[in-house]
Amino acid sequence: MHRSVTVHGTTYELSSDEIAAADNVGLIEGMPFILGSDGAYDHHLNRFLRSCPTMGVRSINSLRAYARDIVVWMRFLEVRRNGKSLWSADRDDIAAFHEARRMSEPPFRISASSWNRMIAALDKLYRWAVDEKIIAAAPFTYRQLWSRASASGAIIALAVNCAKESGARKGDMRFLDMPRYLAFREVGLRGRLPDGREDPTWRGRNGERNALFAELLITTGLRLQEASSLLLSELPTLDTCVDSTARSLPFRLAAATAKGSRGRDIRMPIRLIGQLHDYVRIERDNALGRVRRSGRIRRTRSPIPVVECEHRALRLSDGDRALKVSVDQLTPSERTRLVDAETGVPLALWLTEDGEPMPMASWEAVFGRASERCRRLGFMDMHVTPHMLRHSFAVHMLTLLLREQVAWVVSERSRHLGSAYRRMIGDPLLKLQRLMGHSRIESTYIYLDHLADSQEIVDAAAGNLGLDVTSGELAS
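An account of the accompanying structure is given in this report.

**Focus: the overall build of the protein chain**
Moving on, step 1. Within the protein chain, the regular secondary structure consists of 15 helices and 12 strands.
Moving on, step 2. When each of the 476 residues of the protein chain is scored for burial, the buried share is 45%.
Moving on, step 3. When the accessible area of the protein chain is evaluated, it comes to approximately 25,100 Å², of which 51% is carbon and sulfur surface.

The following block contains the structure:
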């Protein structure tokens, strides 16, 4: 298994000796670490990254975002602040950083929400450094805010970072409408021309696999880490469907792959399940066949041999014993090391042409190249990321849930119209919250702001019920 490192924006493959050295300093597979521009390893900084999971930052994507923001800050200190170190920064440096990032010319100016995200990463870094007595004080100014605890009702004091901007949009997110998604899938991922014809210059060999992965994201709302970590044995089988009219099957997402280790139940379309099994039978098997014929089979580093697969559990080889382990306990990095005990073949669902588990970063690169192809062929402003498809699922699903709920309210003709109105809005959001795996309902509210016809749906329903939308009471 190879491993890479990013040094100030440049990615390098590590040798086996370098990987061993990385293991000696406690680095974990998949977790980012940062080297200085001179290649120096800052023990304190990388100890912070390893401590993040104990401070509530467990998603690999979140850790990578933290690492990128810190690298930008380090580069700014080095280039614009006379080579200052990360641990000697002060409030003047923060002010200069704000001027450079938020008050520069438009091509270089970042949004308030991007600025706040970066400040959140730096704030956590410097608070940790103060607790660890690496620095005496953080380079930020704080103001005290009094708030009431939701559980106990007690009044507590909060220290709010003054560098954060209050004008940032909390619900700032991008999604694709269906025509643009279909253009991205067909032109960008499958390599077709805008008119639907085959492109004779297309040289992509994994178009169907990539398009299927995009379908998985937009029809289930899975996060990139969740979708890319699926195991072959986790796929639902169509023979479990006893209802001939069913359009989807329940699927339990493993807790260890989900954000915050919160597993959840989602629905997977039967059509998609069939396509996933076709991919396994054709493209995935073909990739493994090519690797075997070429003799280029790479042995997984620190493999975890599996002697038997069940739907929700695996039997792992431990010498002369086989230990049963729930798939809920297997982290994304451990899943990349699972191999068939006899053949050595990886058990991950998504494989590269070399027969190895597809890394998350590779999916981001696939989407980046597909977006660039779309822009070349006339689809301007096409910048699609895997997470955008999760947002797209949420917006389209909320539209469907609202319409379904409105139909129920109108047909019910409930005498308690106030409660009916609350149910009309509340239930779809709660359903979407569960499907998305949000820990707080506030995270789900953002999709209402981007629902083009949400107010139209609510107003139409309220009119049918004779309801005053502003008060939730009967109109006189």
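Following the structure, the description resumes.
**Examining the environment of Ala157**
Moving on, step 1. Here Ala157 lies in strand 4 (residues 155–161).
Moving on, step 2. Assessed through its relative accessible area of 39%, Ala157 is described here as partly exposed.
Moving on, step 3. The sequence separation of Ala157 and Trp146 amounts to 11 residues, and the corresponding C-alpha distance is 4.6 Å.
Moving on, step 4. Excluding anything up to four places from it in sequence, Ala157 contacts Gln144, Leu145 and Trp146.

**Here we look at the packing of helix 2 (residues 43–51) against helix 5 (residues 112–131)**
Moving on, step 1. Look at helix 2 against helix 5: their axes get within 11 Å of each other, and the N-to-C directions meet at 110°. Taken together, helix 2 and helix 5 sit at an angle that is classed as roughly perpendicular. Here helix 2 contributes His44, Leu45, Arg47, Phe48 and Ser51 to the contact with helix 5, which in turn contributes Ala121, Lys124, Leu125 and Trp128.
Moving on, step 2. Here the contact of helix 2 with helix 5 is composed, by residue class, of 5 nonpolar, 2 polar and 2 charged.

**With respect to the packing of aromatic side chains**
Moving on, step 1. Scanning the entire structure with this criterion turns up 14 aromatic pairs.
Moving on, step 2. Ring geometry for Trp87 and Tyr126: centres 6.3 Å apart, planes at 85°, overall edge-to-face. Remark: Tyr126 occurs in helix 5 and Trp87 occurs in the loop between helix 3 (60–80) and helix 4 (91–102); sequence separation between them is 39 residues.

**Structural notes on the environment of Arg203**
Moving on, step 1. Tracing the backbone shows Arg203 in the loop between helix 6 (178–189) and helix 7 (207–220).
Moving on, step 2. In this structure, the C-alpha to C-alpha distance between Arg203 and Gly191, residues 12 residues apart in sequence, is 8.2 Å.
Moving on, step 3. A distance of 3.0 Å separates the side chain of Arg203 from the backbone oxygen of Pro200, its partner in a polar contact.

**Side note on helix 11 (residues 360–376)**
Moving on, step 1. Between its terminal C-alpha atoms helix 11 stretches 25 Å, which fits the 24 Å expected from 17 residues at 1.5 Å a residue.
Moving on, step 2. Considered for burial, the residues of helix 11 that qualify are Met360, Trp363, Val366, Phe367, Ala370, Ser371, Arg373 and Cys374. Buried residues in helix 11, looked at end-on, bunch into an arc of 160°, giving them a common side. In helix 11, the exposed positions angled more than 90 degrees off the buried face are occupied by Arg369 and Arg376.
Moving on, step 3. Note on helix 11: the residue one or two positions beyond its end, Gly378, has a positive phi of about 105°.

**Overview of unusual backbone geometry**
Moving on, step 1. With phi around 60°, Lys133 is a residue other than glycine that occupies positive phi space.
Moving on, step 2. You can see Lys133 is positioned in the loop between helix 5 and strand 3 (142–148).

**Structural notes on the packing of helix 3 against helix 5**
Moving on, step 1. Between helix 3 and helix 5, whose axes approach to 9 Å, the crossing angle comes to 85°. By the criterion of interaxial angle, the relationship of helix 3 to helix 5 is roughly perpendicular. Note on element contacts: helix 5 touches helix 3 through Arg117, Met118, Ala120, Ala121, Leu122, Lys124, Leu125 and Tyr126, opposite Tyr66, Asp69, Ile70, Val72 and Trp73.
Moving on, step 2. By residue class, the composition of the contact of helix 3 with helix 5 is 10 nonpolar, no polar and 3 charged.

**Thoughts on a nonpolar patch on the surface**
Moving on, step 1. Judged by side-chain polarity, Leu145, Ile156 and Leu158 come together as a nonpolar surface patch covering roughly 220 Å² of accessible area.
Moving on, step 2. Of note, Ile156 is situated in strand 4.
Moving on, step 3. Of the residues examined, Ile156 reaches a relative accessible area of 35% and is grouped as partly exposed.

**Focus on the sheet that holds strand 10 (residues 338–340)**
Moving on, step 1. Spatial ordering of the open sheet is given by 9-8-7-10, a layout of 4 strands whose pairing is mixed. Every other strand in the sheet has two partners, leaving strand 9 (321–326) and strand 10 as the edge strands with one partner each. Strand-to-strand twist across the sheet, computed as the mean angle between neighbouring axes with direction ignored, equals 45°.

**Regarding helix 7**
Moving on, step 1. With 14 residues, helix 7 extends 20 Å between its outermost C-alpha atoms, agreeing within 8% with the 20 Å of an ideal straight helix rising 1.5 Å per residue.
Moving on, step 2. With 13 of 14 residues buried, helix 7 lies mostly within the body of the structure.
Moving on, step 3. One or two steps after helix 7, the chain reaches Gly221, where phi turns positive at roughly 75°.

**A few points about the nonpolar core**
The tendency in soluble globular proteins is for nonpolar side chains to be buried as a group.
Moving on, step 1. Core analysis: the largest hydrophobic core is formed by 81 residues, its most contacted members being Trp73, Tyr126 and Trp350.
Moving on, step 2. Counting residues in hydrophobic clusters, the runner-up holds 14 residues, among them Phe393, Leu398, Leu402 and Leu432.

**A closer look at the pattern of salt bridges**
Moving on, step 1. Counted by the stated rule, this structure contains 27 salt bridges.
Moving on, step 2. Across the pair Glu215 and Arg271 runs a salt bridge whose closest N-O atoms are separated by 3.3 Å. Highlighted residues: Glu215 in helix 7 and Arg271 in helix 9 (residues 270–294), separated in sequence by 56 residues.
Moving on, step 3. Judged by its relative accessible area of 7%, Glu215 falls in the buried class.
Moving on, step 4. Between Arg264 and Glu226 there is a salt bridge, with its nearest N and O atoms 2.9 Å apart. A residue pair is termed long-range when its members are at least 10 positions apart, and Arg264 in strand 6 (residues 264–269) and Glu226 in helix 8 (residues 224–228) qualify at 38 residues. Just as Arg264 is buried, Glu226 falls in that class too.
Moving on, step 5. Bridged by salt links that share partners, the residues Arg185, Glu186, Arg190, Arg192, Glu198, Glu208, Glu215 and Arg271 form one connected network.

Calculation rules
- Residues numbered from 1 in each chain as written.
- Predicted model: local features only at pLDDT ≥ 70, side-chain atom pairs only at ≥ 80, totals over all residues.
- Heavy atoms only, no water.
- Helix = DSSP H or I, 4+ residues; strand = E, 2+ residues; numbered from the N terminus.
- Buried < 20%, exposed > 50% of the residue type's maximum accessible area, 1.4 Å probe, protein only.
- Areas by Shrake-Rupley, 256 points an atom, 1.4 Å probe, with all protein chains shown as cover.
- Contact = heavy atoms within 4.5 Å.
- Axes fitted to C-alpha atoms, helices over the stretch in contact; angles between N-to-C directions.
- Parallel < 35°, antiparallel > 145°, perpendicular 65-115°, else oblique.
- Nonpolar A, V, L, I, M, F, W, Y, C, P; charged D, E, K, R; others polar.
- Phe/Tyr/Trp six-rings, centres within 6.5 Å; stacked < 30°, edge-to-face > 60°.
- Polar contact = N/O pair within 3.5 Å; in protein donor to acceptor, adjacent residues only side chain to side chain.
- Expected span 1.5 Å × (residues − 1).
- Arc of directions from axis to C-beta.
- Patch = residues over 30% accessible without salt bridge, like charges linked within 9 Å, V, L, I, M, F, W, Y side chains within 5 Å.
- Salt bridge = Lys/Arg side-chain N within 4 Å of Asp/Glu carboxyl O.
- Pairing = 2+ DSSP bridges.
- Core = buried A, V, L, I, M, F, W, Y, C linked by side-chain atoms within 4.5 Å.

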